[in-house]
Amino acid sequence: MGQTTPHKDRANGITPRDVLTFWVDDTGPKGWYATDDALDAEIRARFLPLWEASKEDGCIGWAPSPETALATIIVFDQFPRNMFRRDGRAFSSDAVARAKAKHALDLDWDLRIQGPSRQFFYLPLMHSECLADQERCVRLFMERMPEARDNLTHAKAHREVIRKFGRFPTRNGDLARVSTSAERGYLENGGYGAIVNAVRAAA
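A few points on the structure. (Residues numbered from 1 in each chain as written. Predicted model: local features only at pLDDT ≥ 70, side-chain atom pairs only at ≥ 80, totals over all residues. Heavy atoms only, no water.)

So, unusual backbone geometry
Look at N12: it is not a glycine, yet its phi comes out positive at around 50 degrees. Here the phi dihedral of R86 falls at roughly 60 degrees; this positive angle occurs in a residue that is not glycine. Of note, R86 is situated in the loop between α4 (66-83) and α5 (94-106). (Helix = DSSP H or I, 4+ residues; strand = E, 2+ residues; numbered from the N terminus.)

A closer look at α4
Compared with the 26 Å implied by 1.5 Å per residue over 18 residues, the 25 Å span of α4 between its first and last C-alpha is a close match. The largest bend in α4 comes to about 35 degrees, at V75. Where burial is concerned, most of α4 is hidden: 17 out of the 18 residues are buried. (Expected span 1.5 Å × (residues − 1). Bend = angle between axes of the 7 residues up to and from the residue. Buried < 20%, exposed > 50% of the residue type's maximum accessible area, 1.4 Å probe, protein only.)

Section: the layout of surface pockets
Its volume calculated, the largest pocket comes out at about 1,000 Å³. Lining the largest pocket are 31 residues, and of these Y33, R81, R85, H127 and H158 sit closest to its centre. Where the lining of the largest pocket is concerned, the elements lending two or more residues are α2 (16-32), α4, α6 (123-126) and α8 (149-165). Sort the elements by how many residues they give to the lining of the largest pocket and α8 lands first, with five residues. For the lining of the largest pocket, the class distribution of residues is 15 nonpolar, nine polar and seven charged. Both of domain 1 (14-127) and domain 2 (129-202) provide at least three residues apiece to the lining of the largest pocket. When its volume is computed, the second largest pocket comes out at roughly 270 Å³. Lining the second largest pocket are 16 residues; nearest its centre among them are W62, P64, T68, T72 and K100. Elements with a minimum of two residues in the lining of the second largest pocket: α4 and α5. When residues of the lining of the second largest pocket are assigned to their parent elements, the largest contribution, four residues, is made by α4. Its residues assigned to classes, the lining of the second largest pocket shows eight nonpolar, seven polar and one charged. (1 Å grid on protein atoms, 1.4 Å probe; cavity = no way out; pocket = protein on both sides within 12 Å on 5 of 7 lines; lining within 4 Å. Points joined across faces, edges and corners; volume = space filled by probe spheres on them. Nonpolar A, V, L, I, M, F, W, Y, C, P; charged D, E, K, R; others polar. Domains from an automatic or database assignment.)

In structure tokens, the structure reads:
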């Protein structure tokens, strides 16, 4: 059996502040949802070893706090989506991110984080293929980030996809899943963008 890296050694000198400075302050909202090969490469160079050392159990070794929870969720939910575009590994630590987010929400730690960064406590639920998580995500954006109207639109759109298919068809290729005929029709006729437009039209 392989040896497990001790928790205290997994961060390798990286602190929660390093993650937050990089993602929140330096990258910021303009870069969070952009497709940028240079940014993806920088995340791999700086944070891939941390993710690889801790992705199985989510234990990095940082002292618990709202800021640490935010940094941890970013490491397991956001960074893989940049590091592994068009690769099933992009979703491989989603369960860890979801567990971290739910624990933080139980403690109301999201309410201790101001501004657009608060959304990262809710995005693991938006990325979930469980309808109950989707419902909770929509409620959280409505109740705790009412100013984030675009986030709420996307939360509702993600929920609608899960209502229709029980999973995200856009992931099927990356995860070697076989698409149903209904999913193929969805992907060939506007896919997620069409769902977003329908949500906006209904608002």
